[in-house]
Amino acid sequence: MKDRSLACLLLSVFVAASTHADWPQWMGKDRDGTLSGTGWAESIPAKGLKTQWKAPVHGGYSGPAVADGRVFVTDFVRESGEAFNDPGQRANVVGMERVLCFDAASGKQLWKSEYPCTYSISYPAGPRCTPTIDGDRVYTLGAEGDLLCLVANDGDVLWKLSFENDFDAPVPIWGHAAHPLIDGEQLICMVGGDSQSVVSFDKMTGKVLWKRPGVGDIGYCPPKVIDAGGVRQLVVWYPSGIQSLNPSNGEVYWSVPIEPQYGMSITMPQKNGDRIYASSIGAKSVMLQLDEDSPSVKELWRGELKTSVYCANSTPIFADGVLFGADCQVGHLAAVDADSGERLWTSFQPTTGGQRRASHGTAFITRYRDKLFLFSEVGDFVIAAIDRKQYREIGRFNVLEPTSECFGRSVVWSHPAYANKRLFARNDKELVCVSLDASEYSE
């Protein structure tokens, strides 16, 4: 009996460790931008980090996902049409949208699945949504709303849908960017159109399970399930406001109006304890307190002109009572007191690497213990301290060339993946794997 108990314990530890070693979707296993476990590098040696491999890819803003020894990423191979970046105008280009799978250890391409796709969107580099991995299946959403369910082992397409053709849903000007969410047997997506907004699909078949009525523009914000008020809540953010839904049927628990400029509800509201925070362009932010006993909220504060942080490209995170986020209008990384919204410090070093204002200056933020792992828009991996008083950089290593363009400067706007003590990042030319295993840098 003791032997059986010990075996069960070891198996549970192994399963837990394996689960946490993967990065199966955008912002990690729980969509909270937090790394667990031990053994990750907490400094960068003078010689730099070790690049394990590089693999060619084409254009895209979608990040990689890592599961079961494989890396999944989507891209777009442009064949014709003029690609240009204008925030107010759609570019029309023709090409192939692709789902690629690589061996995580070697970078060898294992398979690809592709389909013809015509873009009519602003910033037409490629897909926006990180693949979502669930067991032996991978789910992808293309920039024009092509939703695919594929076999993770070989890329065979099990089912597919088009939001535009099957749901009469218009494509947002900046393309579909709300990463699909697995919740039990459901695949939950922001679809849009007159007849629906949020749609729950049977993840195995693609059959519609429930729909929320149309609300107009759906924006770009990924859905997330939280536990609060004694129930599970599905939090979504349309350009008109944040809603909490019953994830089993889509019924509304609560709503809070908050309307970013240009319909840019992008960053996912982040939960910390009994609080949830959302922010976007146009000096729009709100801190909400979740009720302990019922699915409801109350407002604690809203941001003002020189308080809070207003994020767009990257979702802010909580750490030790502080909000860390990249401000979309000024372009710095800001530390904000979560209780009051007061700015504690700001710095351009972790976003643009410089000192001057840069519209939509970006750093993708992940927490590891008492450190911030930052991936900057200039392609640098940065380790910084979680510090209320000042920005304190511990180390920096250039991973990728910034190959995209924004407002006249070169950028890389793709959230990296952290799995098995490796960093996986991409630009419009290559996917790169870098070791963050502390044991490989010990003297």
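Residues numbered from 1 in each chain as written. Predicted model: local features only at pLDDT ≥ 70, side-chain atom pairs only at ≥ 80, totals over all residues. Heavy atoms only, no water.

(A) Layout of the pairing of strand β20 (residues 275-280). In terms of residue burial, β20 counts as a mostly covered element, since five of its six residues are buried. Counted between consecutive antiparallel strands, the loop separating strand β19 (residues 270-272) from β20 contains two residues, among which glycine 273 sits at a positive phi close to 60°. Where β20 meets strand β21 (residues 284-290), six bridges bridge the pair, whose relative direction is antiparallel. For tyrosine 277, the partnering residue across the bridge sits in β21 and is methionine 287. Hairpin connection between β20 and β21: a loop of three residues separates the two successive antiparallel strands, and glycine 282 in this loop has a positive phi of roughly 90°. (Buried < 20%, exposed > 50% of the residue type's maximum accessible area, 1.4 Å probe, protein only. Helix = DSSP H or I, 4+ residues; strand = E, 2+ residues; numbered from the N terminus. Pairing = 2+ DSSP bridges.)

(B) Seen up close, the sheet that holds strand β6 (residues 109-121). Strand order in the open sheet made by the four strands is β3-β4-β5-β6, with antiparallel pairing throughout. Taken across any chain shown, the strands that pair with only one partner, and hence form the sheet edges, are β3 (65-67) and β6. On average, each strand axis in the sheet is tilted by 25° relative to the strand beside it, whichever way the strands run. Two elements, strand β4 (residues 70-81) and strand β5 (residues 91-103), share eleven bridges in a ladder whose sense is antiparallel. Bridge pairing links valine 73 to leucine 100 in β5. (Axes fitted to C-alpha atoms, helices over the stretch in contact; angles between N-to-C directions.)

(C) Structural context of the pairing of strand β24 (residues 322-326). Counting buried positions along β24 yields five of five residues, so the element is predominantly enclosed. Where burial is concerned, the two faces of β24 agree: the one with Val322, Phe324 and Ala326 and the one with Leu323 and Gly325 are both buried. Taken together, the three bridges between strand β23 (residues 317-319) and β24 define a ladder with antiparallel strand orientation. The partner of phenylalanine 318 across the bridge, within β24, is leucine 323. Remark: two residues form the turn of the hairpin made by β23 and β24, two consecutive strands paired antiparallel; aspartate 320 in that turn has positive phi of roughly 55°. Looking at chain direction, β24 and strand β25 (residues 333-337) are connected through five bridges and run antiparallel. Paired with phenylalanine 324 across the two strands is alanine 335, which belongs to β25. Between β24 and β25, which pair antiparallel in sequence order, lie six residues; one of them, glycine 331, sits at a positive phi of approximately 100°.

(D) Representation of the side chain of arginine 426 in the model. Along the chain, arginine 426 falls in strand β34 (residues 422-426). Of the buried charged residues, arginine 426 lacks a salt bridge, with aspartate 75 as the closest side chain of opposite charge at 5.1 Å. A distance of 2.9 Å separates the side chain of arginine 426 from the backbone oxygen of histidine 58, its partner in a polar contact. Within polar-contact distance, the side chain of arginine 426 engages the backbone oxygen of threonine 74 at 3.1 Å. (Lys, Arg positive; Asp, Glu negative; His and termini not counted. Salt bridge = Lys/Arg side-chain N within 4 Å of Asp/Glu carboxyl O. Polar contact = N/O pair within 3.5 Å; in protein donor to acceptor, adjacent residues only side chain to side chain.)

(E) Summary view of the pattern of salt bridges. A full pass over the atoms with the stated rule returns 18 salt bridges. Linking glutamate 42 and arginine 369 is a salt bridge whose minimum nitrogen-to-oxygen distance equals 3.3 Å. Taken together, the positions of glutamate 42 in the loop between β1 (34-35) and β2 (51-56) and arginine 369 in the loop between β27 (363-368) and β28 (371-376) put the pair 327 residues apart, joining distant regions of the chain. Classification of glutamate 42 by relative accessible area gives partly exposed; the value is 28%. A relative accessible area of 46% means that arginine 369 is categorised as partly exposed. With its nearest N and O atoms 2.8 Å apart, the salt bridge here joins aspartate 380 to arginine 396. Of this pair, aspartate 380 sits in strand β29 (residues 380-385) while arginine 396 sits in strand β30 (residues 393-398), placing them 16 residues apart in sequence. Accessibility expressed as a relative area gives 10% for aspartate 380, which makes it buried. Three or more residues joined by partner-sharing salt bridges are found here, namely Glu42, Arg369, Asp370 and Lys371.

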